[in-house]
Amino acid sequence: MKSALDCIPCFVSQGLNVARLATDNPQVHERIVREVLRRASQADLAQPPARFGQRIHRVVCQLTGQEDPYLTIKQESNELALALLPAWRERLRSAENPRQAAVKLAIAANVIDFGIKGDLTAEQIPAALESSFAAPLMGDVGGFFAAAERATDILFLADNAGELVFDRLLLELLPRQKITVVVKGGPAINDALRADAQVAGLEGLVALMDTGSDGAGIVLEACSPEFQRRFAHAGLIIAKGQANFESLDGCEQNIFFLFKVKCPVVARHIGQAVGSLVLHRNVPEAADRAAAPPSTEAREPNSTTGNNITLKDKV
């Protein structure tokens, strides 16, 4: 999806938040904000927001000398999520529909996002997770699991540290012998790196790889050739987080997006309310045509086709 004018204030706010996280020096804060403002004034709004976000964080790292400003936050998020995991595991085990609850929790945990909500603290995560889990879930959970069973191989694009701990409960219900979990190749906000996947207990549970890039979301041309090859040939992709949706929506791949709608720009684009938990399927146009009836005579009157399957279930 494209950026919008509404994204520009968000870019500046994110730049200031990470600047304050990286250093206490107000003069450096000012330099960073002025540089972000300069770049924002020239931003190509035809590009997804994740592309500009990557540039912001590179500027901050260059001007502060901090390679990973969110390192401590990620470690705290992992520790807290691991402490909460046993209770959530039991809740899912006793749920009326454990698969549905696991999907909902994996999406609800997308609230552990220090890029959009820069004032979030680790202490606030338990209450934020409970509130997020109470939001409506929009999407076809049965279709999601059926597609995973049919797929020959699955790329699972991880999002945030801490969130990835709760993803583990969903991964345990999926055909994990087919799954490769993909983390970022370098620091990108509080996105999970390989070390976070190891702390979450995923090593040995599923295959692991990284994007070869330090960008939030997936900007394919910035990723490693190996990841690009795996992405192009994946039977199914599961993409966590709003940044992955922003950067991959409409691409020619079979993708399930699992994310919490966090801003009005994305809400308008996808047609769901801010705060909704969304399980959204992107179907390649070629696959959509192949699945369509062979002639117009075989279609229902006034039927239409498109790239996206309708979000039909509200839980």
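Thresholds, definitions, all that
Within each chain, residues carry numbers counting from 1 in the order of the written sequence. Totals for whole chains, interfaces and linings use every residue, but because this is a predicted model, local features are given only for residues with pLDDT of at least 70 and side-chain atom pairs only at 80 or more, for both listing and counting. Side-chain descriptors were evaluated using all non-hydrogen atoms of the structure, hydrogens and water having been removed beforehand. By the criteria applied, helices consist of DSSP H or I runs no shorter than four residues and strands consist of E runs no shorter than two, each listed in order from the N terminus. Classification of residues uses two cut-offs on accessible area relative to the type maximum, computed with a 1.4 Å probe and protein chains only: under 20% is buried, over 50% is exposed, and between them is partly exposed. Residue-level accessible areas treat just the shown protein chains as cover; the underlying method is Shrake-Rupley with a 1.4 Å probe. When DSSP locates at least two bridges between a pair of strands, those strands are taken to pair. Throughout, right-handed denotes a crossover for which the path from the first strand over the helix to the second runs clockwise when the strands point away from the viewer. On a scale of 0 to 100, pLDDT captures the predictor's confidence in every residue. The contact criterion used is simple: two residues touch if any of their non-hydrogen atoms lie within 4.5 Å. Pairs of N or O atoms within 3.5 Å make up the polar contacts considered here, provided that, within protein, one atom can donate a hydrogen while the other can accept it, and that residues adjacent in sequence are counted only when both atoms are side-chain atoms. Throughout, nonpolar core names a set of buried Ala, Val, Leu, Ile, Met, Phe, Trp, Tyr and Cys residues whose side chains join them through atoms within 4.5 Å. For a helix, the expected span equals 1.5 Å multiplied by the residue count minus one. This arc is taken over the directions from the axis of the helix to the C-beta atoms.

A. A look at the overall build of the protein. Regarding its fold elements, the protein presents 13 helices and seven strands. A burial count over the protein gives 54% of its 315 residues as buried. Total accessible area computed for the protein in this model is approximately 14,100 Å², and 50% of it derives from carbon and sulfur atoms.

B. Here's a closer look at the pairing of strand β2 (residues 154-157). Here β2 shows no split at all, with Ile154 and Phe156 on one side and Leu155 and Leu157 on the other all buried. Note: β2 against strand β3 (residues 179-183), four bridges, orientation parallel. Within β3, the position partnered with Leu157 by the bridge is Val182. One crossover worth recording links β2 to the parallel β3 by way of helix α8 (residues 163-171), and it is right-handed. In the sheet, β2 pairs with strand β5 (residues 236-240) via four bridges, with the strands oriented parallel. The residue of β5 that forms the bridge with Phe156 is Ile238.

C. Geometry of the confidence of the model for the protein. With 89% of its residues at a pLDDT of 70 or more, the protein has an overall mean of 86. pLDDT under 50 marks residues 286-315. Its contacts with residues more than four places away, or in other chains, come to 36 contacts.

D. Summary view of the side chain of Lys240. Position of Lys240 among the secondary structure elements: in strand β5. At 2.7 Å, the side chain of Lys240 and the side chain of Glu163 are in polar contact. One polar contact links Lys240 to Asp167, side chain to side chain, over a distance of 2.4 Å. Once residues lying within four places of it in the same chain are set aside, the contact partners of Lys240 are Ala106, Phe156, Leu157, Ala158, Asp159, Glu163, Asp167 and Leu258.

E. How the structure looks around the nonpolar core. Ranked by internal contacts, the top residues of the largest apolar core, which has 99 residues, are Val103, Phe144, Leu157, Phe166, Leu170, Val181 and Leu202. Beyond its immediate stretch of four places on either side in the chain, Phe144 contacts Val103, Leu170, Leu174, Ile238, Phe256, Leu258 and Leu279.

F. Structural detail: helix α1 (residues 7-22). With 16 residues, α1 should cover 22 Å at 1.5 Å per step; its first-to-last C-alpha distance of 22 Å lies within 8% of that length. If you check which residues of α1 are buried, you get Cys7, Phe11, Val12, Gln14, Gly15, Val18, Ala19 and Ala22. On an axial view of α1, the arc spanned by its buried residues comes to 160 degrees, and they lie on one face. Projecting away from the buried face of α1 at angles above 90 degrees are the exposed residues Pro9 and Arg20. In the core, the buried residues of α1 are packed alongside α2 (26-41), α3 (49-64) and α12 (264-270).

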